[in-house]
Amino acid sequence: MANILCIGAGYVGGPTMAVIAQKCPQHRVVVVDINEVRIAAWQSDHLPIYEPGLDDMVRAIRNKNLFFSTEVDRHIAEADFIFVSVNTPTKTFGQGAGKAADLQYWEKTARQILRNSTTPKIVVEKSTLPVRTAEAMEHILNSNSDGLYFDVVSNPEFLAEGTAVRDMENPDRVLIGARDTPSGQRAMQAIVDIYSQWVPRERIITTNLWSSELSKLAANAFLAQRISSINAISALCEKTGANVNEVAHAIGMDSRIGPRFLNASVGFGGSCFKKDILNLVYLCEYYGLSEVADYWEQVVKMNEYQEAHFVSNMLSAMFNTVAGKRITLFGVAFKANTSDTRESPALAVCRALLEERAEIVITDSHALDNARADLGADARRVTFEPDPYAAAAGAYAIALLTEWSYFSELDYQAIYKSMVKPAFVFDGRNILDHRSLFKMGFNVYAIGKPPLVHF
Ligand code: UDX
Ligand code: UDX
């Protein structure tokens, strides 16, 4: 039996540890967080995050071999393995502001581990961190005079929200980076042993520390780059009469390109893509690689363009004014099947429409509370309505911004009747049946397709 601790009970720490606890009943897994409200929620019937499959899993093993606690110090003292998944937001101050990662929580956590340890431990980087952070953490942890030795291992998380449990249970790969020293290799083997309880050994790959850290940033940059690439093509489709779905299908059938992650959209969101790319950009600038930095930064700029372009398409379709018009946003989560709204393109669209003085109503099955918190003072100017029919009644336009499947199953005939005419639909995810909406009377604007309009 080993004591496994995770510091940071967020979207990464919670689901990751739930799966480890379920797959390794012989180990005791504790998740701690400084946020008392969050820990109370993990202990309750209303988990702090919505993630398909997570509720049942947590309920089955909570207080058996999975525990949630705010007693960080005590659990550090007891732990053999400490996974760290505290947040590493983009720095908002000083050198590297707007790009570099803010490592203050990580460093604080490392010092807290040191303060409370009387035995050697293996510290696992779960948070996405700039390359060579593990080395800095090793220096802090091993700066003690008690003769304690800490191994730092990098084990980046590749799960995507909305499919976190499935991704953890059946990962494409597990990546473990460690130092090429006898102690580093032993630490690596100990982490391999945990994952090999359920992951086939050939899917567990081991590298040096820095390759592992860089692979996480590179994987997210490549994924985001595919979306920005297809979004760039979608803007050209709108001008030329090509259909981006047809183009994506045609290029995706080339097995070298592959069909996934080619859905043109209003833009990518989430806590990782933008932050990790800016992190990569900062690293490149730091090492004097300005052309490489510019290359990756363009992926983020393209995404900002895509959000702005969506709003300007709305404005021009709606006779260049939306002031005073009720506009309903279908979805505010950054993707389907999550309550997370971090960096959601829907929030960018919402803010831009508020600037134009539109009257905004937002409907979403799971993300309204987070959206309200994220919008801050702007939330006072927005109506939050869980029922999509009530949200759309009296609206001039619907903008679909999250690909929740229930949005494709609504009675659009009834919705059309309840709206102001001419009624508009702007499908920012290309999930609706555009031709049938057009036949009902809607003017339909999709991403990267010719609009279907009645005038
Ligand atoms: C975060 C980062 O966003 C991601 O880049 C990284 O790879 C993993 O950590 P996520 O789990 O989504 O992912 O973040 P969040 O939901 O904000 O959870 C982090 C938790 O850490 C919060 O609950 C916060 O209270 C906690 N925390 C933060 C601590 O317990 N101690 C600290 O010192 C700082
Ligand atoms: C991502 C990575 O996929 C995951 O491996 C990593 O660990 C964390 O970052 P996540 O941000 O949870 O996961 O979701 P993801 O499915 O990657 O979607 C990110 C954004 O891209 C969403 O806003 C999504 O709607 C958008 N997207 C995705 C598209 O616009 N088009 C696509 O084809 C795919």
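A quick note: this is a predicted structure, and the numbers were derived from the prediction, not measured. (Residues numbered from 1 in each chain as written. Chains lettered and ligands numbered in written order. Predicted model: local features only at pLDDT ≥ 70, side-chain atom pairs only at ≥ 80, totals over all residues. Heavy atoms only, no water.)

Asks: Please clarify how the pattern of salt bridges should be interpreted in this entry.
Replies: Side chains that carry opposite charge are capable of pairing whenever their charged atoms lie near each other. The full count for this structure, using the stated rule, is 20 salt bridges. Notably, a salt bridge pairs Asp 276 with Lys 275, separated by 3.6 Å at the nearest N-O pair. Residue class for Asp 276 comes out buried when judged on its relative accessible area of 0%. The exposure class of Lys 275 is buried, given its relative accessible area of 14%. (Salt bridge = Lys/Arg side-chain N within 4 Å of Asp/Glu carboxyl O. Buried < 20%, exposed > 50% of the residue type's maximum accessible area, 1.4 Å probe, protein only.)

Asks: How should I be thinking about the nonpolar core in this particular structure?
Replies: Generally speaking, a soluble globular protein has its nonpolar side chains buried in company with each other. Among the nonpolar cores identified, the biggest contains 60 residues, and Ile 327, Leu 353, Ile 360, Ile 362, Phe 426 and Phe 442 are the most heavily contacted of them. Ranked by residues supplied to this core, first place goes to helix 13 (residues 345-355) with six residues. What Phe 426 contacts, discounting residues up to four positions off in sequence, is Phe 310, Asn 313, Met 314, Ala 317, Met 318, Ala 397, Ile 398, Ala 399, Leu 400 and Tyr 445. Core analysis: the next-biggest nonpolar cluster, separate from the first, contains 45 residues, Val 29, Ile 49, Val 124 and Tyr 195 among them. (Core = buried A, V, L, I, M, F, W, Y, C linked by side-chain atoms within 4.5 Å. Helix = DSSP H or I, 4+ residues; strand = E, 2+ residues; numbered from the N terminus. Contact = heavy atoms within 4.5 Å.)

Asks: In this structure, what is going on with the site of ligand 1? I would like to understand it.
Replies: Asp 33, Arg 38, Thr 128, Lys 275 and Arg 342 are the nearest of the 21 residues found near ligand 1. The contact in question runs from an oxygen atom of ligand 1 to an N or O atom on the backbone of Val 86, over 3.3 Å. Of the residues in the shell around ligand 1, the class split is five nonpolar, 10 polar and six charged. (Near = heavy atom within 4 Å. Polar contact = N/O pair within 3.5 Å; in protein donor to acceptor, adjacent residues only side chain to side chain. Nonpolar A, V, L, I, M, F, W, Y, C, P; charged D, E, K, R; others polar.)

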